[in-house]
Amino acid sequence: MTAMVLSWCLLLAQLMLALAMLCATWRVLRGPRAQDRVVGLDTLYVNAMLLLVTFGIRSGTQVYFEAALVIALLGFVSTAALAKFLMRGEVIE
Amino acid sequence: MIPQAAELPWFAALPVALLLLGGAGLTLIGSIGLLRLRSFYERVHAPTLATSYGMGCILIASMIFFSVLQTRLVIHEVVIGAFIVLTTPVTLMLVARAALHRDRLEKNATVPPSINQPAT
Amino acid sequence: MRKLLPHPLVSAALLLLWLVLDQTLAPGPVLIGSIIALIGGWTLAQLDPGRPRLRRPGVALRLAGQVLLDVARSNLAVARAILGRPKDRRAGFIRIPLALRDPRALAVLAAILTATPGSAWVEYDGEEGCLLLHVLDLGEEEEWMRLVKDRYEQPLMEIFA
């Protein structure tokens, strides 16, 4: 019984996270300005990272943890680089 | 169906389920905010919903799930949590400052002028 | 001791990070983690960020608890603001003069204010010590001033004295 409840809650949580990713993707595609797209991308990778953690719970393995950690690391670097680009027009000065 | 869910006692399964729902709900609301809020500076607030308690709930759910399942302390999700908590303010501040800089260059009237150069 | 461990807190954090990632307390990983922690401490000393003087751990703990509580409250408020009608709230910029000057304390304050969903640090002017904050639901401006100055700035000044 509790297994059923947990499974359904997990499915629901994953659907919500997927929907959240769709919202962020919409903001990335739609803009209207570059900074909106960067914020959308930032949200998108955080949502993707959380979705990976829930996939880890679903499969019962910890393989997904490493993927989530890598996304968190790369997401930070890429957003910081994009913000720098917005400010100056080039990443490396 | 989750393979190991049947082995999980109810006192662990219930909090995990609730935390998952709460965390995913907060994250979803934050992302809806990305659509619904109208100006860029309002939208900067939206991701923090996902990166504060949305993420916290889901990571704690994962910690409880694996700790009870493997009957040992599994807390390496803390690393993700600490990392996101430390980096989110940095990225958001950078993006906000970049946006302010761009808006000022374009003489957008909706943003306040720089402190050093009073509005002329 | 100062030469071996120039930044004891940073080294301890690095060792802890390594052990948590490895999920073990076996001697091998502890050894590698210690080496990494030592090298990390030396590298930081080479970069020379200066040694922060942290005082009053009690105040710091209370501030951390307060921030956790405030972030939770702000989460609910922002969720309501997003789902509610936009007419019910007024977003806007607000200028707050700060007496805080220590760059580390300012960094902590910036992180706190940005991590709280309802407020975002936008700009800081070092000469005037003036902070530009964007707030999702402005309400009473006085209240935001008081919140930032009394609740966060005061304890931070005590900690980074």
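Bear in mind that the values here come from a model prediction, so they are computed numbers and not experimental data.

The rules behind the values
- Residues numbered from 1 in each chain as written.
- Chains lettered and ligands numbered in written order.
- Predicted model: local features only at pLDDT ≥ 70, side-chain atom pairs only at ≥ 80, totals over all residues.
- Heavy atoms only, no water.
- Phe/Tyr/Trp six-rings, centres within 6.5 Å; stacked < 30°, edge-to-face > 60°.
- Buried < 20%, exposed > 50% of the residue type's maximum accessible area, 1.4 Å probe, protein only.
- Patch = residues over 30% accessible without salt bridge, like charges linked within 9 Å, V, L, I, M, F, W, Y side chains within 5 Å.
- Areas by Shrake-Rupley, 256 points an atom, 1.4 Å probe, with all protein chains shown as cover.
- Salt bridge = Lys/Arg side-chain N within 4 Å of Asp/Glu carboxyl O.
- Helix = DSSP H or I, 4+ residues; strand = E, 2+ residues; numbered from the N terminus.
- Contact = heavy atoms within 4.5 Å.
- Polar contact = N/O pair within 3.5 Å; in protein donor to acceptor, adjacent residues only side chain to side chain.
- Nonpolar A, V, L, I, M, F, W, Y, C, P; charged D, E, K, R; others polar.
- Domains from an automatic or database assignment.
- Core = buried A, V, L, I, M, F, W, Y, C linked by side-chain atoms within 4.5 Å.
- Expected span 1.5 Å × (residues − 1).
- Pairing = 2+ DSSP bridges.

Scanning the entire structure with this criterion turns up six aromatic pairs over all chains. Measuring from ring centre to ring centre gives 6.1 Å for A:Phe55 and A:Tyr64, while their planes differ by 25°; the resulting arrangement is stacked. Given a relative accessible area of 33%, A:Phe55 falls into the partly exposed group. Where B:Phe65 meets B:Phe66, the ring centres are 5.3 Å apart and the plane angle is 85°; that geometry is what we call edge-to-face. B:Phe66 carries the same exposure label as B:Phe65, and that label is buried. Feature note: the residues B:Phe40, B:Tyr41 and C:Phe93 constitute an aromatic cluster, connected by ring pairs.

Let's shift gears to a nonpolar patch on the surface. Residue and element names in this part refer to chain C. Together, Leu 4, Leu 31, Ile 32, Ile 35, Ile 36, Ile 39 and Trp 42 line one region of the surface with nonpolar side chains, adding up to about 630 Å² of accessible area. For Ile 36, the location among the structural elements is in helix 2 (residues 27-47). For Ile 36, a relative accessible area of 31% translates into the label partly exposed.

This next bit is on the interface of chain B and chain A. With 56 residues of chain B at the contact, the number on the chain A side is 51 residues. Applying the counting rule to chain B against chain A returns two salt bridges. Joining chain B to chain A, the criterion identifies eight residue pairs in polar contact (both at pLDDT 80 or more). When residues in the side of chain B that touches chain A are grouped by element, the largest group, 17 residues, is from helix 4 (residues 77-105) of chain B. Partitioning the side of chain B that touches chain A into residue classes produces 39 nonpolar, 11 polar and six charged.

This part covers the domain arrangement of chain C. For chain C, the domain assignment lists domain 1 (8-47) and domain 2 (57-159). Once you take the C-alpha centre of each, domain 1 of chain C and domain 2 of chain C turn out to be 33 Å apart.

Attention now goes to the nonpolar core. Inside soluble globular proteins, nonpolar side chains tend to come together where they are buried. One finds A:Leu6, A:Met49, A:Leu50, B:Leu8, B:Leu20, B:Phe65 and B:Ile80 to be the most contacted residues of the largest nonpolar core, which totals 40 residues. Sorting the residues of this core by element identifies helix 1 (2-30), helix 2 (34-59) and helix 3 (63-88) of chain A together with helix 1 (10-36), helix 3 (46-70) and helix 4 of chain B as the ones contributing at least two each. Discounting residues that sit within four places of it in the chain, A:Leu50 has contacts with A:Leu17, B:Thr27, B:Ala50, B:Met55 and B:Ile58. One finds C:Val59, C:Ala110, C:Ile112 and C:Leu133 within the second-largest nonpolar core, a separate group that totals 26 residues.

Note on pairing: side chains with opposite charge can pair once their charged atoms come close. With the rule as written, the count across this model stands at six salt bridges over all chains. B:Arg43 is paired through a salt bridge with A:Asp36; the nearest N and O atoms lie 2.7 Å apart. Residue B:Arg43 is found in helix 2 (residues 40-43), and its partner A:Asp36 is found in helix 2; the two belong to separate chains. In this pair, the class of B:Arg43 matches that of A:Asp36, namely buried. Residues joined in a network through salt bridges with shared partners are C:Asp70, C:Arg73 and C:Arg151.

So, about helix 1 (residues 8-22) of chain C. Counted at 1.5 Å a residue, the expected span for helix 1 of chain C with its 15 residues is 21 Å, and the 21 Å between its end C-alpha atoms agrees. Packing partners of the buried residues in helix 1 of chain C comprise helix 4 of chain B together with helix 2 of chain C. Phi turns positive, to about 55°, at C:Gln23, one or two residues after helix 1 of chain C.

All names here are of chain C. Burial of strand 2 (residues 119-125) is extensive: six of the seven residues sit out of reach of the surface. In the sheet, strand 2 pairs with strand 3 (residues 130-135) via six bridges, with the strands oriented antiparallel. Its bridge partner being in strand 3, Glu 123 is matched across the sheet by Leu 132. The turn linking strand 2 back onto strand 3 is made up of four residues, and Gly 129 within it adopts a positive phi angle of 70°.

A separate point is helix 4 (residues 103-115) of chain C. Its 13 residues place the ends of helix 4 of chain C 18 Å apart at the C-alpha level, agreeing with the 18 Å of an ideal helix rising 1.5 Å per residue. Among the residues making up helix 4 of chain C, those that are buried are C:Ala105, C:Leu106, C:Leu109, C:Ala110, C:Ile112, C:Leu113 and C:Thr114. In this structure, the buried residues of helix 4 of chain C make contact with helix 3 and helix 4 of chain B together with helix 3 (57-83), strand 2, strand 3 and helix 5 (141-159) of chain C. Of the residues that open helix 4 of chain C, the one with a side-chain oxygen 3.0 Å from the backbone nitrogen of C:Arg104 is C:Asp102.

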